[in-house]
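# A structural walkthrough
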Amino acid sequence: MSMEVGISISRKTYWDKVSGCWLGKNAGGTFGGPLEDIYGREEMFDVWWYPKIVEGGIPNDDLEIQLVWLQALRDRGINIKARDLAEYWLDCIFYNPDEYGLHKTNLRKGLLPPVSGWYNNWFKDCMGSPIRSEIWACIAPAAPNIAAKYAYEDAIVDHAGGEGVYGEIFNAVVESAAFVINDRVKLVELGLEAIPENSMIAKAIQTALKSFLKGLDWRQAREYVKEAAYSPIAQYAPINLGFEVIGLLYGESFGDAIAKAVNCGWDTDCTGATVGAIWGIIHGASNLPEEWIKPLSNKIVVSEGIKNIYVPKTVEELTNEVCAIGEKVLKHFGVPIEISDQDKFTNAEVVLRSLVREVRSLWNLPPNRVDFDLTSVKVSVTYLDGPAILPNKPNNFLIEIENTCLTPFTGTLNISIPQNWALKPVCPCPISLDPKEKAKFRFTIEASAENINTSNECTARILLYGRPRLMSIPIVFVGGFRWLVSEVYREPLSLDAVFQPERELDLYVRGIKGERWREVAWPGNALEIEQFFNEKPGIVYLRHYIYSPSRRKVVVGVPNNSRMKLWLNDKLIHETVKPVPLRPSYFSDRSNYTETELREGWNHIMVKIIRENKPIEAHFIIVSREWFSGMPDIIHCRFQWESKLLL
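Within each chain, residue numbers correspond to sequence positions counted from 1 in written order. Per-residue local features are limited, in this predicted model, to residues with pLDDT of at least 70; the limit for side-chain atom pairs, both in listing and counting, is 80 or more; totals at the level of whole chains, interfaces and linings are taken over all residues. Each side-chain value is worked out from all heavy atoms of the structure, with water and hydrogens disregarded.

## Here we look at the overall build of the protein chain
- Numbered from the N terminus, helices here are DSSP runs of H or I no shorter than four residues, and strands are runs of E no shorter than two. For the protein chain, the count of helices and strands is 18 helices and 21 strands.
- For the protein chain, the spread of C-alpha atoms along the principal axes amounts to about 80 × 70 × 45 Å.
- Contacts were defined at the residue level, with two residues in contact if any of their heavy atoms lie within 4.5 Å. Within the protein chain, residue pairs in contact and separated by at least 24 positions form 77% of the contacts whose partners lie at least 6 positions apart.
- Accessible surface is estimated by sampling points in the Shrake-Rupley manner with a 1.4 Å probe; for residues, cover comes only from the protein chains shown. Within the structure as shown, the protein chain displays about 25,300 Å² of accessible surface, and the carbon and sulfur contribution to it stands at 49%.
- Positive charges are assigned to Lys and Arg, negative charges to Asp and Glu, while His and the chain termini are left out of the count. Here the site of a charge means NZ on Lys, CZ on Arg, CG on Asp, or CD on Glu. Put simply, the protein chain has 71 plus and 81 minus side-chain charges, and the middle of one group is 4 Å from the middle of the other.

Quick look at the structure:
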């Protein structure tokens, strides 16, 4: 249904602003890229010109992933959802840092968005999604409600339940509004209306905004943002959104704006790129300074990590295609904006504020719920205890069914489960619903260790009497991670001290469980060992068993905030180089990872980790050496003696 048109954007202006977005994005990313690191640093940078100039700019995931989304729009149309984008993650994006790799492993195990972005994802509060908002703003100019909905669908694939979702929504709203509003303070305020005020993203942005309005120096503003939203992780979204806003508000010119954002530090390519994009939308390509744009040319370059898509050769070609899609989007969603032959921005702020209010409906959508539209019914599956199934531990999930028909219906709900699993209550369950009526069914499943696989599929089937048959609904549970944990050794408190587990090498082969070892199962990569120390210093050993169907080169790590030693198949292969903040990525933290090789069959891991005077945090990471990708075909959800796959 169309609305009365309140805003008109001329095609000339639209094209100029979209082109300015991409040129500004490329310039800001190229400026900040060489300064990026995995950890933030206390001192500021003092860089005011490109550290490195490459024709076409430096390839950057900030821009090139959006070219993948453009391919998705080409292939699947303007109604794309999170599940569409998930397929393109697997087919087109081959690198795997941080949340990129973690969520793709979830997808390969069978989990659907938003659960793919929520489960076992330490980086869901990071910058992977806020950096790819421009495509949604550019196909929804002056329609921040539409841009935000696209951004939400994008972000939940790899950031569901995290601050990264709010970061992408904020950026999409600001960028969409920037097509018709030039006042940067008003743009920031509009973006803040689109995200929860109690989010860390909002707190960081509000700190930057208040500092600017009080007349504080931008360097002072940087310190206040750092204090309000600190994390040692350079890619932590809240602090970076604060720095982005500092650059946007305090910038006196294009170059000054991106430089101030970048000089604040942390995720420098991302903050510079987003500020450059917003500045480019506000002022258009025709008003961007030639000295910043010309050295990079109009060519588009991508890294070898992007495959199976068509890449526009120039910014002009990219802009033409995006603008054509944008006109379709505005007409399809019936927003009060049109692309025409003249600019009419009267009352733009009033119109956009009314549209932004729609975005708030996205705030409370649960990250552990998967929705299905089966035409006759809408069905949701909520993982009440998460998607990881642990041995002999009940796991609860909820199925909600809504009648979308015009008349009542009756039928049954049946749940199929893997062999030797237990389900309560017993199915089938009767269904009887009036139009628009909903019914909820709560179930509990349970399985023993020997019956749990890396990926386990249950199926919900709804049979409606007198209606067309419906597709079955997958309910996927992933196996947890099985470990043996030793007793805590208190003295001497040294990684070089040899305790009994290091003398029990026969455990590797025989799988004998002595009295000093406790069996545990954890739902994700986190090693939840702090509970065993009773808040006192000590040392523990952990044992883990991994079945690999083939010999392969891998990267293994135990990222932690202390120090550790790591053995594989009786051999000491690594120890902490130096203590660093916890950063459990598929990429190395430069201290706790090493390259090695798994043999075909069972492999045995032992970790020795020391807790000193602060709580211990640690994860276990193992990925393929090729592209640092997760390996859903390996088994580490049960011990060697619990499996039929014996060495």
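Structure's up, so let's keep going.
## Focus on the nonpolar core
- In this description, a nonpolar core means a group of buried Ala, Val, Leu, Ile, Met, Phe, Trp, Tyr and Cys residues linked to one another through side-chain atoms lying within 4.5 Å. Three labels apply to residues, based on accessible area from a 1.4 Å probe with only protein chains included: buried if under 20% of the type maximum, exposed if over 50%, partly exposed otherwise in between. In terms of nonpolar packing, the biggest core is built from 130 residues, with Trp22, Trp69, Trp136 and Ile169 touching the most fellow members.
- Among the nonpolar cores identified, the runner-up in size contains 88 residues, and Val377, Val485, Ile546 and Val558 belong to it.

## Regarding the environment of Phe477
- Relative to the assigned elements, Phe477 resides in strand β12 (residues 473-479).
- For Phe477 and Cys458, which are 19 residues apart along the polypeptide, the C-alpha to C-alpha distance reads 7.7 Å.
- Look past the residues within four positions of Phe477 in its chain and what remains in contact with it is Tyr383, Gly386, Pro387, Ile389, Asn395, Phe397, Trp421, Ile445, Thr454, Ser455, Asn456 and Cys458.

## Some words on the sheet that holds strand β21 (residues 621-624)
- Only strands joined by at least two bridges in the DSSP assignment are considered to pair. Read across the sheet, three strands follow the order β19-β16-β21 without closing on themselves; strand pairing throughout is antiparallel. Looking along the sheet, the strands with just one partner apiece sit at the ends: β19 (593-598) and β21. Strand-to-strand twist of the sheet, defined as the mean angle between neighbouring strand axes without regard to direction, takes the value 30°.
- In the sheet, strand β16 (residues 552-557) pairs with β21 via four bridges, with the strands oriented antiparallel. Looking at the pairing, Gly557 lines up with Ile621 of β21. Orientation is described by lines fitted to C-alpha atoms, with helices fitted over the stretch in contact, and by angles between N-to-C directions that extend from 0 to 180 degrees.

## Brief notes about the packing of aromatic side chains
- For this analysis, a ring pair means two rings from Phe, Tyr or Trp (six-membered ring only for Trp) whose centres lie within 6.5 Å, classed as stacked if their planes differ by under 30 degrees, edge-to-face if by over 60, and tilted for the remaining angles. Counted under the stated rule, the structure contains 30 aromatic pairs.
- Centre to centre, the rings of Phe397 and Phe443 are 5.5 Å apart; their planes meet at 25°, and the pair counts as stacked. Taken as a pair, Phe397 in strand β6 (residues 395-403) and Phe443 in strand β10 (residues 438-446) lie far apart in primary sequence, 46 residues in all.
- Here Phe443 falls in the buried class, since its relative accessible area comes to 1%.
- Taken together, Phe31, Trp49, Tyr50, Phe254 and Trp292 form an aromatic cluster joined through their ring pairs.
- For a ring to carry a charge above it, either NZ of a lysine or CZ of an arginine must fall within 6 Å of the ring centroid while also lying within 35 degrees of the normal to the ring plane. The ring of Phe45 has Arg41 sitting right over it, with the charged end atom 3.9 Å from the ring centre.

## Considering the sheet that holds strand β15 (residues 538-548)
- Reading across the sheet, the six strands line up as β14-β13-β15-β20-β17-β18 and stay open at both edges, with antiparallel pairing between neighbours. Unpaired on one side and paired on the other, β14 (518-522) and β18 (571-575) mark the two borders of the sheet. In this sheet, neighbouring strand axes are inclined to one another by 25° on average, regardless of whether the strands run parallel or antiparallel.
- In this sheet, strand β20 (residues 601-611) lies alongside strand β17 (residues 563-568) in antiparallel orientation, the contact comprising six bridges. Looking at the pairing, Met564 lines up with Ile609 of β20.

## Structural notes on unusual backbone geometry
- Residue Pro114 is bonded to the preceding Pro113 through a cis peptide linkage, with omega at 5°.
- By the element assignment, Pro114 lies in the loop between α4 (98-108) and α5 (115-118).
- Even without glycine at this site, Asn347 takes up a positive phi of about 60°.
- With respect to the helices and strands, Asn347 occurs in the loop between β2 (337-340) and α17 (348-356).

## What to know about the pattern of salt bridges
- Throughout this description, the term salt bridge denotes a Lys or Arg side-chain nitrogen within 4 Å of a carboxyl oxygen of Asp or Glu. According to the stated counting rule, one finds 32 salt bridges in the structure shown.
- Across the salt bridge formed by Lys226 and Glu223, the nearest N and O atoms sit 3.4 Å from each other. With a gap of three residues between them, Lys226 and Glu223 both fall in helix α11 (residues 218-228), about one helical turn apart.
- When its relative accessible area of 36% is taken as the criterion, Glu223 is described as partly exposed.
- In this structure, the salt-bridge partner of Arg482 is Glu642, at a minimum N-O distance of 2.4 Å.

## Let's talk about α17
- Within α17 the residues assigned to the buried category are Ala348, Val351, Leu352, Arg353, Leu355 and Val356.
- In this fold, the buried residues of α17 make contact with β1 (7-10), α7 (144-159), α8 (163-177), α9 (184-193) and β2.

## Some words on the packing of α4 against α7
- At a closest axis distance of 8 Å, the pairing of α4 and α7 adopts a crossing angle of 85°. For the element pair α4 / α7, the angle class is roughly perpendicular. Mapping the contact onto sequence places Glu99, Tyr100, His103 and Leu107 in α4 and Val157, Asp158 and His159 in α7.
- Each residue is assigned to one of three groups, with Ala, Val, Leu, Ile, Met, Phe, Trp, Tyr, Cys and Pro labelled nonpolar, Asp, Glu, Lys and Arg labelled charged, and all others, Gly among them, labelled polar. By residue class, the composition of the contact of α4 with α7 is three nonpolar, two polar and two charged. Should an angle lie under 35 degrees it is considered roughly parallel, over 145 roughly antiparallel, and from 65 to 115 roughly perpendicular; all remaining angles are considered oblique.

## Notes on the side chain of His574
- Mapping His574 onto the fold places it in strand β18.
- You can call His574 buried: its relative accessible area is 16%.
- Polar contacts, as counted here, are pairs of nitrogen or oxygen atoms within 3.5 Å of one another; within protein the pair requires one atom able to donate a hydrogen and one able to accept it, and residues that are adjacent in sequence qualify only if both atoms are side-chain atoms. Among the polar contacts listed, one links the side chain of His574 to the backbone oxygen of Ser591, at a separation of 3.0 Å.
- In contact with His574, other than residues within four places in its own chain, are Met564, Lys565, Leu566, Ser591, Asn592, Tyr593 and Thr594.

## Describing the environment of Trp483
- In this fold, Trp483 is placed in strand β13 (residues 481-485).
- Between the C-alpha atoms of Trp483 and Ile605, which are 122 residues apart in sequence, the distance is 9.6 Å.
- Leave out the neighbours within four places in its chain, and Trp483 touches Arg518, Glu519, Val520, Trp522, Leu527, Leu542, Arg543, His544, Ile605, Val607, Phe620 and Phe639.

## Regarding the pairing of β17
- Of all six residues in β17, five are buried, a share of seventy percent or more.
- Bridging between β17 and β18 involves four bridges; their strand directions are antiparallel. The partner of Lys565 across the bridge, within β18, is Glu575.
- Hairpin connection, β17 to β18: the antiparallel pair is bridged by two residues, and Asn569 has positive phi, about 50°.

That's the geometry; what it means functionally is another story.
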